[in-house]
Amino acid sequence: MASGTPSYLIVEPCPVIKGEIEVPGDKSISHRAIMLASLARGKSKIRHFLPSEDCLCTLKAFEAMGVRVEKEGKTTLFVEGKSGILDPPFEALDCGNSGTMMRLMAGILSAQPFYSRLVGDRSLSRRPMHRIIEPLRLMEAKIRAEGEGNTPPLFIEPSSLKGIEYKLPIPSAQVKSCILFAGLFASGITRVIESVPSRDHTERLFEQFGVRTLRENGHIVLHGGMKLESADIVVPGDFSSAAFWIGAAAALPNSELRVRSVGLNPTRTGLIKILLRMGAQIEEFVESDMKGEPIGSLWIRGNKLKGTVIEGDEIVGVIDELPILAVVGALAEGVTEIRNAQELRVKETDRIKAIVTNLRAFGVEVEELVDGMRIQGRDFVQPARVESFGDHRIAMAFAILALRASRASRIDDVDCISTSYPGFEQDLNALTHSFSKDWIEEPNKKIRGFIERLTGADKLEPVKKKEIPYPVITIDGTTASGKSTVAQEIAKALGFTYFNTGALYRAVTWRILSLGYDVHDEEKVVEACSRLKLRCAIQKIDSFYKATVILDERVPDEKTDLRSAEVNAAVSIVASYARIREWLLPFQRELAYQTPLVVEGRDMGSVVFPESPYKFFLDAQLEEREKRREKQGEKDDVEKRDRLDQSRSSAPLLCPADAVRLDTTKLSIEKVVDKILDVLWKKGLPITKSKA
Ligand SMILES: O=C(O)C1=C[C@@H](OP(=O)(O)O)[C@@H](O)[C@H](O)C1
Ligand SMILES: C=C(OP(=O)(O)O)C(=O)O
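Under an unreviewed UniProt entry, the name given to the protein is Multifunctional fusion protein, and the source organism is Methylacidiphilum caldifontis. Annotation of the protein in UniProt includes, under Subunit (unreviewed entry), the sentence "Monomer."

Below, the structure written as structure tokens:
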């Protein structure tokens, strides 16, 4: 991901995430720990430091100002502090992509006895700096923005600062921390007043470095001139990085996830409260208060969530989690609304625009608001190719949404992920890998066990119906009613996998015949089936996905094997045996745990997928159907086969009561396909209107 060009991430769908995770260190705390350790007296130790690009920029800047840093591996640092006075840097300090770094550094550098310049990348160079320039100037700092409209670079001249009382016009931990850092070196008292509490890592770390602040009713009071003493800091796992997994596990039904050693500072965990309100199952265990920062673990179990409104004072506590919350909202039932989040427009990118653009690409209906968005949730999304807009949180949030698509999606320009979460891709693979993609052998094993119990047994064990994570469109119907062609077209239009379950019965019949059995001898047929090695593979032909049956490691030929006159004559007999149908039932259902399906057959809507809300039944007048078969050059007694299928005792051919019935006698294939897509669209499947 992070190396080589072009940088993109292909995300395969995965209906659940399972496992345990420990995320890298907290970005906000890592920045601050370096800053304070560099300014302190003596040698500090920082463990579980986040070696991400943003934090490495901070580290490099202090090294450029004479701070000596020793590393033990990538995440343990020993920092020799300079007792408050840094060396002048030879060149501009590069803040890369990091707003936090630039704003906090501005507070520190305003009090240093040298000139300095702070520069950033393209994204940072567009971000507003007036918010820190104004209070710093009130403190008598000499700072100016060189970019248009108070944007970076920032140029700072030496000056003596004085304490101020400042009420934050917007809730922002960066602005608050900038003032507090400057306040350390200012004369007198600095008082910052916040009406909504923002993250308080600076205040907590000040304590760890021996500087006390008074905190009461939203007032943070600091006496200038206090000295920082070295400290031993353990950085907790970054809650904002864990948020991607927490959101994914909460929103993907049947997921189970444990997040270990993560920061649980209440000013950061607003996401948990919102997810609980949406119906999530999350348990929080605070295990230790690492001298100031609570740390612990979370257990999350997946559920179908309900939409919610996220607004007002709640926003500041989830400011970095709003991209993943939007994704969770897109998978929840009903509408999720985000309001009062205009701050998102001045993050690494305009996150409101980026989220709206990308949700739409995934087929989600969303309305852009000046200060947020209104999202119409859905069960799953269509695969998409989207951009990160150079924003790490956008890239990661949409990698999570892609898990719920029917096919692989592509997220472009994902190098930015390394600004906050190096190792994201590996973690994604680990958490989704535990959901076995190698399903081919699995169902076969289950089926073998099943048939072993079946043969000779007089009682059939009912198949346990666990919830299917993907949509299944069932198309049943009489012989030659147009099922195959229509089902294939629907699968193509939606990007779903086409599965002709009739072909499964045909394949078994073909194999039984080629092994020399008499299909009328039910006991022998069942017994022979118990020895068959049956599996299924999904074939991709251009953009069409098709489930192909493989029997005893042979792929039967569609025309010569499966549609031969012998198989045509015998298939309805084999298919009438209850035990054969029972045997093949879990095999068919298993596929729906792997991929969205368009299934074609005779008992799809009635027996195999009775819970599907997308059922269709095709029929046509007998003469028309006979003509169609003849045209295909096949010898097939259509009437007799229908009679056999309709009269068998096990899973007879019938039109389920809740299916949409279509008489195709006078309809072209296109018309039938259009009608079905139209129904599916109205039922809420994400079909682009041009297809519907
Ligand atoms: O202080 C911090 O470490 C941060 C504060 C927040 O920004 P604002 O203070 O601009 O809201 C947050 O979005 C950012 O990722 C980190
Ligand atoms: C906004 C973020 O960071 P920063 O402001 O430090 O660039 C973020 O990490 O989401």
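Back to the write-up after that little detour.
Student: For this particular structure, what's the right way to read the overall build of the protein?
Tutor: Assigned secondary structure in the protein consists of 23 helices and 30 strands. Here the C-alpha coordinates of the protein stretch approximately 100 × 45 × 45 Å along the principal axes. By residue count, 59% of the 692 residues in the protein fall in the buried class. Taking all contacts inside the protein whose residues are at least 6 apart in sequence as the whole, residues at least 24 apart take part in 75%. As displayed, the protein offers around 27500 Å² of accessible surface, 49% of which is attributable to carbon and sulfur atoms. Between the centroid of the 97 positive side chains of the protein and the centroid of its 98 negative side chains there is a distance of 1 Å.

Student: I keep staring at the site of ligand 1 and nothing clicks. Help me out?
Tutor: Residues in close proximity to ligand 1 include S28, R32, T100, R103, S172, A173, Q174, R199, I319, D320 and K347, which together make up its full environment. At a separation of 2.6 Å, an oxygen atom of ligand 1 approaches a polar side-chain atom of R32. Within the backbone of A173, a nitrogen or oxygen atom sits 3.0 Å from an oxygen atom of ligand 1. Protein contact buries 96% of the 380 Å² of open area that ligand 1 shows by itself. Structurally, ligand 1 is housed in the second largest pocket. When residues of the shell around ligand 1 are traced back to their parent elements, those giving at least two are α1 (27-39), α3 (99-109) and α5 (173-184). Class assignment of the residues belonging to the shell around ligand 1 gives a composition of 2 nonpolar, 4 polar and 5 charged. Looking at which domains feed residues into the shell around ligand 1, each of domain 1 (8-23 + 236-433) and domain 2 (27-234) supplies at least three.

Student: I tried to follow the site of ligand 2 on my own but got confused; where do I start?
Tutor: In the region of ligand 2, 13 residues are neighbours, and K27, G99, T100, R127 and R393 sit closest. Measuring from an oxygen atom of ligand 2, one finds a side-chain N or O atom of T100 at 2.5 Å. Here an oxygen atom of ligand 2 sits 3.0 Å away from a polar atom, N or O, in the side chain of E348. Compared with its free state, where it exposes 290 Å², ligand 2 has 99% of that area covered by protein. Split into classes, the residues belonging to the shell around ligand 2 amount to no nonpolar, 6 polar and 7 charged. For the shell around ligand 2, the domains that each give at least three residues are domain 1 (8-23 + 236-433) and domain 2 (27-234).

Student: Sorry if this is basic, but what is going on with the packing of aromatic side chains here?
Tutor: Between two aromatic rings, the relevant description is the distance of the centres plus the angle of the planes. Tallied over the full model, the rule gives 9 aromatic pairs. Geometrically, the ring pair formed by W245 and F424 is stacked, given 5.0 Å between the ring centres and 15° between the ring planes. Separated by 179 residues along the polypeptide, W245 in helix α7 (residues 239-251) and F424 in helix α12 (residues 424-433) bring together distant segments of the chain. Considered together, W245 and F424 belong to a single accessibility category, that of buried residues. Between Y421 and F424, the ring centres sit 5.5 Å apart and the planes meet at 75°, which makes this aromatic pair edge-to-face. We note that Y421, like F424, is buried.

Student: Would you mind going over helix α21 (residues 622-631) with me for this structure?
Tutor: An α-helix turns once every 3.6 residues. As a result, residues three or four positions apart point the same way. Buried residues of α21: R625, R628 and R629, and no others. Considered in projection along α21, the buried side chains sweep an arc of 95° and stay on one side of the axis. Away from the buried face of α21 by more than 90 degrees, exposed residues E623, K627, E630 and K631 are located. Positive phi appears at G633, one or two residues downstream of α21, with a value of about 75°.

Student: In this structure, what is going on with the UniProt feature "active site" (unreviewed entry) in the protein? I would like to understand it.
Tutor: Per the UniProt record, the feature "active site" (unreviewed entry) sits at D320. Relative to the helices and strands, D320 resides in the loop between β18 (309-310) and α9 (322-330). Residue D320 is classed as buried on the basis of its relative accessible area, which comes to 10%. The residues touching D320, leaving out its near neighbours within four places in the chain, are R199, S240, K347, R351 and R393.

Student: What am I meant to see in the confidence of the model for the protein here?
Tutor: Caution is warranted with low-pLDDT regions, since their predicted coordinates should not be read in detail. Put simply, the protein has an average pLDDT of 90, and 93% of its residues get 70 or more. Taken together, the stretch residues 435-464 has pLDDT below 50 and engages in 52 contacts with residues farther than four places along the chain or on a different chain.

Student: Help me out: how do you make sense of the sheet that holds strand β27 (residues 544-551) in this one?
Tutor: The mixed open sheet is built from 7 strands, whose spatial order is β26-β27-β25-β28-β24-β29-β30. A strand with exactly one partner marks an edge of an open sheet, and here the two such strands are β26 (534-541) and β30 (660-663). Strand-to-strand twist across the sheet, computed as the mean angle between neighbouring axes with direction ignored, equals 25°. Pairing geometry for strand β24 (residues 472-477) and strand β29 (residues 614-619), over 5 bridges, is parallel. Directly across from I473, in β29, lies its bridge partner Y614.

Student: Would you mind showing me how to read the sheet that holds strand β3 (residues 43-47) here?
Tutor: Working definition: the strands of a sheet are paired by backbone hydrogen bonds and lie parallel or antiparallel to each other. Spatially, β4-β5-β3-β14 is the arrangement adopted by the 4 strands of the open sheet, whose pairing is mixed. Where the open sheet ends on each side, the last strands, each with one partner, are β4 (68-72) and β14 (232-234). Averaged over all pairs of adjacent strands, the angle between their axes in this sheet comes to 15°, without regard to strand direction. As defined by bridge partners, β3 adjoins strand β5 (residues 76-80) across 4 bridges and the pair is classed as antiparallel. When the bridges of β5 are listed, S44 appears paired with V79. Packed on one face of the sheet, α1 meets β3, β5 and β14 and runs near 170° to β3.

Student: It is not clear to me how the domain arrangement of the protein should be interpreted in this structure. Could you clarify?
Tutor: It is common to report an interface's size as the accessible area lost on association of the parts. The domains assigned to the protein are domain 1 (8-23 + 236-433), domain 2 (27-234) and domain 3 (477-682). Spacing between the C-alpha centres of domain 1 and domain 2 amounts to 28 Å. Opposite the 27 residues of domain 1 that make contact, domain 2 presents 26 residues. Summing the contributions of domain 1 and of domain 2, the shared interface buries around 2400 Å²; its carbon and sulfur component is 48%. Its largest share of buried area at the contact with domain 2, domain 1 owes to V316, E348 and T419, together 23% of the area lost on that side. Summed over the shared surface of domain 1 and domain 2, the number is 3 salt bridges. With a closest N to O distance of 3.6 Å, R127 and E348 form a salt bridge.

Student: Which parts of the structure should I look at to understand the layout of surface pockets?
Tutor: If a probe the size of a water molecule is rolled over the atoms, the empty space left behind becomes visible. Roughly 560 Å³ of internal volume is contained in the second largest pocket. Taken together, 36 residues line the second largest pocket, and the ones lying closest to its centre are P171, V316, I319, E343 and K347. Those elements that place two or more of their residues in the lining of the second largest pocket are α1, α3, α5 and α11 (392-402). Split by domain, the residues of the lining of the second largest pocket number at least three in each of domain 1 (8-23 + 236-433) and domain 2 (27-234).

Conventions used here
Residue positions are counted from 1 within each chain, in the order its sequence is given. Chain letters and ligand numbers both follow the written order, the letters beginning at A and the numbers at 1. Per-residue local features of the predicted model are confined to residues with pLDDT of at least 70, and side-chain atom pairs are confined, for both listing and counting, to 80 or more; whole-chain, interface and lining totals are unaffected and use all residues. Only hydrogens and water are set aside when side-chain values are computed; all heavy atoms of the structure are taken into account. UniProt positions are given in the numbering used here, feature names are shortened, and annotations may be inferred rather than shown by experiment. For helices the rule is a DSSP run of H or I covering at least 4 residues; for strands it is a run of E covering at least 2, with both sets numbered from the N terminus onward. Relative accessibility decides the category of a residue: with a 1.4 Å probe and only protein chains considered, values under 20% of the type maximum give buried, values over 50% give exposed, and everything between is partly exposed. When checking whether two residues touch, look at their non-hydrogen atoms; a contact exists if any pair is within 4.5 Å. The method behind every accessible area is Shrake-Rupley, applied with a 1.4 Å probe, and residues are considered shielded solely by the protein chains displayed. His is not counted here, nor are the chain ends, while Lys and Arg score as positive and Asp and Glu score as negative. Charged side chains are reduced to one point each, which is NZ for Lys, CZ for Arg, CG for Asp and CD for Glu. Throughout, the term near means that a residue has one or more heavy atoms lying within 4 Å of the molecule or strand in question. Definition of a polar contact: a pair of N or O atoms within 3.5 Å, with one able to donate and the other able to accept a hydrogen when the atoms are protein atoms, and with sequence-neighbouring residues admitted only if both atoms are side-chain atoms. A pocket, in this scheme, is an open set of points on a 1 Å grid over the protein atoms alone with protein on both sides within 12 Å along at least 5 of 7 lines, while a cavity is a set where a 1.4 Å probe fits but cannot get out; residues line either one if an atom lies within 4 Å of a point. For a molecule to be placed in a cavity or pocket, more than half of its atoms must lie within 2 Å of the grid points of that cavity or pocket. Ten residue types, Ala, Val, Leu, Ile, Met, Phe, Trp, Tyr, Cys and Pro, are classed as nonpolar, four, Asp, Glu, Lys and Arg, as charged, and the remainder, Gly among them, as polar. Domain start and stop points were drawn from an automatic or database domain assignment. Two aromatic rings from Phe, Tyr or Trp, using only the six-membered ring of Trp, form a pair when their centres are within 6.5 Å; if the ring planes differ by under 30 degrees the pair is stacked, by over 60 it is edge-to-face, and anything between is tilted. Starting at the helix axis, one direction is taken to each C-beta atom, and the arc is that of these directions. Summary of the metric used: pLDDT quantifies the predictor's per-residue confidence within the range 0 to 100. Pairs of strands are assigned from DSSP output, requiring at least two bridges between the strands. Fitted lines through C-alpha atoms serve as axes, helices being fitted only where they are in contact, and the angles separating the N-to-C directions of these axes extend from 0 to 180 degrees. For any pair of parts, buried area is found by adding up, for both, the accessible area (1.4 Å probe) each one loses once the two are put together. By definition, a salt bridge exists where a carboxyl oxygen of Asp or Glu is found within 4 Å of a side-chain nitrogen of Lys or Arg. Grid points are joined across faces, edges and corners, and a volume is the space filled by probe spheres set on the points.

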